[in-house]
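# Examination of the molecular architecture
Each chain, written out:
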Amino acid sequence: MTRNPWLVAGGLLSVAASLIHIGCIVEGPSWYRVFGAPEPLIRAFENGDPTLHWMTAGIALMLAIWSAYAFAGAGLIRRLPLMRTALVGITAIYLARGLLVVPVAANLSYEDAPFDYWSSGIVLIFGLVYAAGTWKAWPVLMAKAA
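Just so it is clear, the structure is predicted and the values come from calculations on it, not from any experiment.

## Topic: the pattern of salt bridges
Applying the stated criterion across every chain yields a total of three salt bridges. Of the charged contacts, one joins Glu46 and Arg33 as a salt bridge, the two residues approaching to 3.2 Å between their closest N and O atoms. Taken as a pair, Glu46 in helix H3 (residues 39-46) and Arg33 in helix H2 (residues 29-34) lie far apart in primary sequence, 13 residues in all. Overall, the relative accessible area of 37% leaves Arg33 in the partly exposed class. For Arg43, the salt bridge is made with Glu39, and the minimal N-O distance between the two is 3.7 Å. Of the two residues, Arg43 and Glu39 both sit in helix H3, four residues apart, roughly one turn of that helix. A relative accessible area of 25% means that Glu39 is categorised as partly exposed. What emerges from the salt-bridge pattern is a single network uniting Arg33, Glu39, Arg43 and Glu46.

In structure tokens:
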């Protein structure tokens, strides 16, 4: 498979997001606050509840897996199971998170709305990059499936 710069970029974006989540686990409440974790979860963590760390670790793992699918789709690593389905699903999740949070936040008046807007914009960019990469890779992905 030829290199697909869109999926390489998507993989790098997912790796960066995964590393930020790992950074939050390592650095604790100050990083969670900087990156917009809900304050009630941070306070619960500060009071000894490990749920926030487990949730963050799960997200970091998921993002790392998504980066592997992007790199496989780009031809950097070997093909992974369910490539087409995974790339379409990852793209859909990023786009949905990027697009659906905005109308929800627009109908709410709360202090985290600015975070929801800028984080949605970032995730929308991730989704558009994955969409472009998946679109470009589609003929090769279809040929490999036959």
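## Here we look at the layout of surface pockets
The calculated volume of the largest pocket comes to roughly 820 Å³. Taken together, 28 residues form the lining of the largest pocket, with His21, Phe35, Ile59, Arg97 and Phe115 sitting closest to its centre. Counting residues per element, the ones that place at least two in the lining of the largest pocket are helix H1 (5-27), helix H4 (51-73), helix H5 (83-106) and helix H6 (113-145). Its residues assigned to classes, the lining of the largest pocket comprises 23 nonpolar, four polar and one charged.

## A few points about the nonpolar core
By size, the foremost hydrophobic cluster in this structure holds 19 residues, and its most contacted members are Leu7, Tyr69, Met83, Leu87, Tyr94 and Tyr130. The set of elements that each furnish at least two residues to this core consists of H1, H4, H5 and H6. Non-local contacts of Leu7, meaning those with residues more than four positions away in its chain, are made with Ala70, Phe71, Gly73, Ala74, Leu87, Tyr130, Gly133, Thr134 and Ala137. Core analysis: the next-biggest nonpolar cluster, separate from the first, contains six residues, Cys24, Tyr32, Ala37 and Ile42 among them.

## Overview of unusual backbone geometry
Here the phi dihedral of Leu82 falls at roughly 55 degrees; this positive angle occurs in a residue that is not glycine. Relative to the assigned elements, Leu82 resides in the loop between H4 and H5.

## Looking at H4
When the terminal C-alpha atoms of H4 are compared, their 33 Å separation across 23 residues agrees well with the 33 Å that a helix rising 1.5 Å per residue should span. Turning to H4, its buried residues are Leu52, Thr56, Ala60, Leu63, Trp66, Ser67, Tyr69, Ala70, Phe71, Ala72 and Gly73. Phi turns positive, to about 85 degrees, at Gly75, one or two residues after H4.

## Notes on the packing of H3 against H4
Two elements in contact, H3 and H4, have axes whose closest approach is 8 Å; the angle formed by their N-to-C orientations is 120 degrees. By the angle class used here, H3 and H4 are oblique. In contact with Leu41, Ile42 and Phe45 of H3, H4 contributes Leu52, His53 and Met55. Split into classes, the residues belonging to the contact of H3 with H4 amount to five nonpolar, one polar and no charged.

About the criteria used
- Residues numbered from 1 in each chain as written.
- Predicted model: local features only at pLDDT ≥ 70, side-chain atom pairs only at ≥ 80, totals over all residues.
- Heavy atoms only, no water.
- Salt bridge = Lys/Arg side-chain N within 4 Å of Asp/Glu carboxyl O.
- Helix = DSSP H or I, 4+ residues; strand = E, 2+ residues; numbered from the N terminus.
- Buried < 20%, exposed > 50% of the residue type's maximum accessible area, 1.4 Å probe, protein only.
- 1 Å grid on protein atoms, 1.4 Å probe; cavity = no way out; pocket = protein on both sides within 12 Å on 5 of 7 lines; lining within 4 Å.
- Points joined across faces, edges and corners; volume = space filled by probe spheres on them.
- Nonpolar A, V, L, I, M, F, W, Y, C, P; charged D, E, K, R; others polar.
- Core = buried A, V, L, I, M, F, W, Y, C linked by side-chain atoms within 4.5 Å.
- Contact = heavy atoms within 4.5 Å.
- Expected span 1.5 Å × (residues − 1).
- Axes fitted to C-alpha atoms, helices over the stretch in contact; angles between N-to-C directions.
- Parallel < 35°, antiparallel > 145°, perpendicular 65-115°, else oblique.

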